[in-house]
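Now for the letters of each chain:
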Amino acid sequence: QVQLVESGGGSVQAGGSLRLSCAASGSIFSINPMGWYRQAPGKQRELVAAITSGGSTNYADSVKGRFNISRDNAGNTVYLQMNSLKPEDTAVYHCKLSQFGTDYWGKGTLVTVSS
């Protein structure tokens, strides 16, 4: 089993920054693709940023140039640096890890951006 725990959410004014962390633990056998998703009230969950096992990254168009995804050397912690936050970034942010065809999700951390 794999466990994911997100942290770093909070309330911030528009234009501010936050750094989210996601720590993976349990039965992890390699450096796996990981990603950040978000779900705003009344909306579907959407991809924010992802990082492959090789370190390649991709971002949603809405966050390009503002957010940066990275991971530690061991590969089991992934970060999301969020700059120039906007009210529309308000959502619960979830971390996902994919291993052997199975997706594992964290419970999420709430980010609230006020105007």
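Here, the structure is the one placed above.
The shown structure was predicted, so the numbers you read here are calculated from the model rather than taken from an experiment.

### A few points about the state of the cysteines
Next, step 1: Within the structure shown, the criterion is met by one disulfide.
Next, step 2: Each disulfide pairs two cysteine sulfurs, and for Cys 22 the partner residue is Cys 95, the sulfurs being separated by 2.2 Å. In this structure, the disulfide formed by Cys 22 and Cys 95 twists by about -80 degrees around the S-S bond and is classed as left-handed. A residue pair is termed long-range when its members are at least 10 positions apart, and Cys 22 in strand S3 (residues 18–26) and Cys 95 in strand S9 (residues 91–99) qualify at 73 residues.

### With respect to unusual backbone geometry
Next, step 1: Phi angles above zero are rare outside glycine, and Ser 84 is one such case at about 50 degrees.
Next, step 2: Mapped onto the elements of the fold, Ser 84 is located in the loop between strand S8 (77–82) and S9.
Next, step 3: Phi at Phe 100 takes a positive value of approximately 50 degrees, unusual for a residue other than glycine.
Next, step 4: Relative to the helices and strands, Phe 100 resides in the loop between S9 and strand S10 (102–105).
Next, step 5: Judged by its relative accessible area of 67%, Phe 100 is exposed.

### Observations concerning the sheet that holds S8
Next, step 1: In spatial order, the strands read S1-S3-S8-S7; together these four strands make up an open sheet with antiparallel pairing. Both outer strands of the open sheet, strand S1 (2–7) and strand S7 (67–71), are each paired with one neighbouring strand and no more. Across the sheet, the axes of successive neighbouring strands diverge by a mean angle of 15 degrees, strand direction being ignored.
Next, step 2: Pairing analysis gives six bridges linking S1 to S3, with the strands arranged antiparallel. Bridge pairing links Ser 7 to Ser 21 in S3.

Parameters at a glance
Residues numbered from 1 in each chain as written. Predicted model: local features only at pLDDT ≥ 70, side-chain atom pairs only at ≥ 80, totals over all residues. Heavy atoms only, no water. Disulfide = S-S within 2.5 Å. Helix = DSSP H or I, 4+ residues; strand = E, 2+ residues; numbered from the N terminus. Buried < 20%, exposed > 50% of the residue type's maximum accessible area, 1.4 Å probe, protein only. Pairing = 2+ DSSP bridges. Axes fitted to C-alpha atoms, helices over the stretch in contact; angles between N-to-C directions.

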